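# Observations on the model geometry
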Amino acid sequence: MPVPQSRGLVSRTLLREDAYRAIRDAIVDGTLAPGERLNDADLVEWLGVSRTPVREALARLEQAGLVKTKPGRYTIVSPLDARAARNAQSVTAAMHELAVREGLPQLSAAELDAMREANARFADALAREDVDAAIAADDDFHGVLVTASANDALRDVLERYTPVLRRLERLRFASLSGRESVAQHDRIVALCEAGDVAGAAAATRANWETLAPLLDVDPD
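Because the structure is a prediction, the values reported are computed rather than measured. (Residues numbered from 1 in each chain as written. Predicted model: local features only at pLDDT ≥ 70, side-chain atom pairs only at ≥ 80, totals over all residues. Heavy atoms only, no water.)

## Comments concerning helix H4 (residues 82-103)
Owing to its 3.6 residues per turn, the α-helix aligns residues three or four sequence positions apart on the same side. The end-to-end C-alpha separation of H4 is 30 Å, in line with the 32 Å expected for 22 residues at 1.5 Å each. All of the buried residues along H4 are Ala82, Ala85, Ala88, Gln89, Thr92, Ala93, Met95, His96, Glu97, Ala99, Val100 and Gly103. (Helix = DSSP H or I, 4+ residues; strand = E, 2+ residues; numbered from the N terminus. Expected span 1.5 Å × (residues − 1). Buried < 20%, exposed > 50% of the residue type's maximum accessible area, 1.4 Å probe, protein only.)

## Some points on the nonpolar core
By size, the foremost hydrophobic cluster in this structure holds 26 residues, and its most contacted members are Ile23, Ile27, Leu47, Leu58 and Leu61. Where this core is concerned, the elements lending two or more residues are helix H1 (15-28), helix H2 (40-47), helix H3 (51-63), H4 and helix H7 (152-173). Setting aside its immediate chain neighbours within four residues, Ile23 contacts Leu32, Leu43, Trp46, Leu47, Ala57, Leu58 and Leu61. (Core = buried A, V, L, I, M, F, W, Y, C linked by side-chain atoms within 4.5 Å. Contact = heavy atoms within 4.5 Å.)

## A closer look at the pattern of salt bridges
A side chain of one charge can pair with a side chain of the opposite charge when the charged atoms of the two come close. Within the structure shown, the criterion is met by 19 salt bridges. Where Glu17 meets Arg21, a salt bridge forms, and the shortest distance between an N and an O atom there is 3.1 Å. Residue Glu17 and its partner Arg21 are located together in helix H1, separated by four residues, close to a single helical turn. Residue class for Arg21 comes out partly exposed when judged on its relative accessible area of 33%. Two residues, Arg24 and Asp25, come together in a salt bridge whose shortest N-O distance is 2.9 Å. Given a relative accessible area of 10%, Arg24 falls into the buried group. Residue Asp25 is classed as partly exposed on the basis of its relative accessible area, which comes to 37%. Counted as one network, the salt bridges with shared partners bring together Glu17, Arg21, Arg24, Asp25, Arg60 and Glu159. (Salt bridge = Lys/Arg side-chain N within 4 Å of Asp/Glu carboxyl O.)

## Here we look at the packing of aromatic side chains
Counted by the stated rule, this structure contains zero aromatic pairs. The ring of Tyr20 has Arg60 lying over it, and the distance from NZ or CZ to the ring centre is 3.7 Å. (Phe/Tyr/Trp six-rings, centres within 6.5 Å; stacked < 30°, edge-to-face > 60°. Lys NZ or Arg CZ within 6 Å of the ring centre and 35° of its normal.)

## Some remarks on the packing of helix H5 (residues 109-127) against helix H6 (residues 131-149)
Direction vectors running N to C along H5 and H6 enclose 165 degrees, while the axes themselves pass 7 Å from each other. Here H6 runs roughly antiparallel to H5, going by the angle between their axes. Of the two possible hands of crossing, H5 and H6 adopt the one that is left-handed. On H6, the residues that touch Glu111, Ala114, Met115, Ala118, Asn119, Arg121, Phe122, Ala125 and Leu126 of H5 are Ala133, Ala134, Ala137, Asp138, Asp140, Phe141, Val144, Leu145 and Ala148. Here the contact of H5 with H6 is composed, by residue class, of 13 nonpolar, one polar and four charged. (Axes fitted to C-alpha atoms, helices over the stretch in contact; angles between N-to-C directions. Parallel < 35°, antiparallel > 145°, perpendicular 65-115°, else oblique. Left-handed = near helix turned anticlockwise from the far one by under 90°. Nonpolar A, V, L, I, M, F, W, Y, C, P; charged D, E, K, R; others polar.)

## Concerning helix H9 (residues 197-209)
Between its terminal C-alpha atoms H9 stretches 18 Å, which fits the 18 Å expected from 13 residues at 1.5 Å a residue. Listed as buried for H9 are Gly199, Ala200, Ala201, Ala203, Thr204, Asn207 and Trp208. Between the side-chain oxygen at the start of H9 and the backbone nitrogen of Ala198 there is a gap of 3.5 Å, and the oxygen is on Asp196. (Polar contact = N/O pair within 3.5 Å; in protein donor to acceptor, adjacent residues only side chain to side chain.)

## Description of unusual backbone geometry
The bulk of non-glycine residues show a negative phi, and the bulk of peptide bonds are trans. Non-glycine residue Glu129 carries a positive phi angle of around 60 degrees. If you trace the backbone, Glu129 turns up in the loop between H5 and H6. A positive phi angle is found at Ala150, which is not glycine, with a value near 50 degrees. Mapped onto the elements of the fold, Ala150 is located in the loop between H6 and H7. For Ala150, a relative accessible area of 64% puts it in the exposed group.

Remember, this is a structural readout, not a statement about activity or role.
Next up, the structure:
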């Protein structure tokens, strides 16, 4: 595998979690490509950690569907799988709907402002054709309600399945079909401000379901 240029990314604290996130993010953003072989020694050199947190990270990534391992033979980045992404989308949409139902009753004016600000960044990133910034802003937008829900189980499910979805979505998001999400986000904010839990939950699910056309086309 080609080792990314930056080295020693992981601090000596929280090695296991940091190694997992670093490798996961490299898979999601395409630095580590589908089908690429992952070598423990290369990952150790890149991250500046011992083999133990790297192996633990790879085991977690295999459970998440981002890595495939054949013991004694190879470890590779999982090929892109549209079916797996659609399954992840269904789970993700349901979890974000639940986040609205549990988080909206506690939502503050400051958190509503944070959603508006994230959507403004989202719109700006789309206008600049900056896929990374658009996805980050979209995560921030929905993350306000996830945080407000204070539901650790919900957060854990999203932590597992969102990267699978984002990896395939990133390839399609370059088409900027996400522009309609700006208006959908505005509607979600308006419904949240009105205290309409059922309406905001339905609008949030519909927002995530708009990804379906992106995921139905097999990647090249």
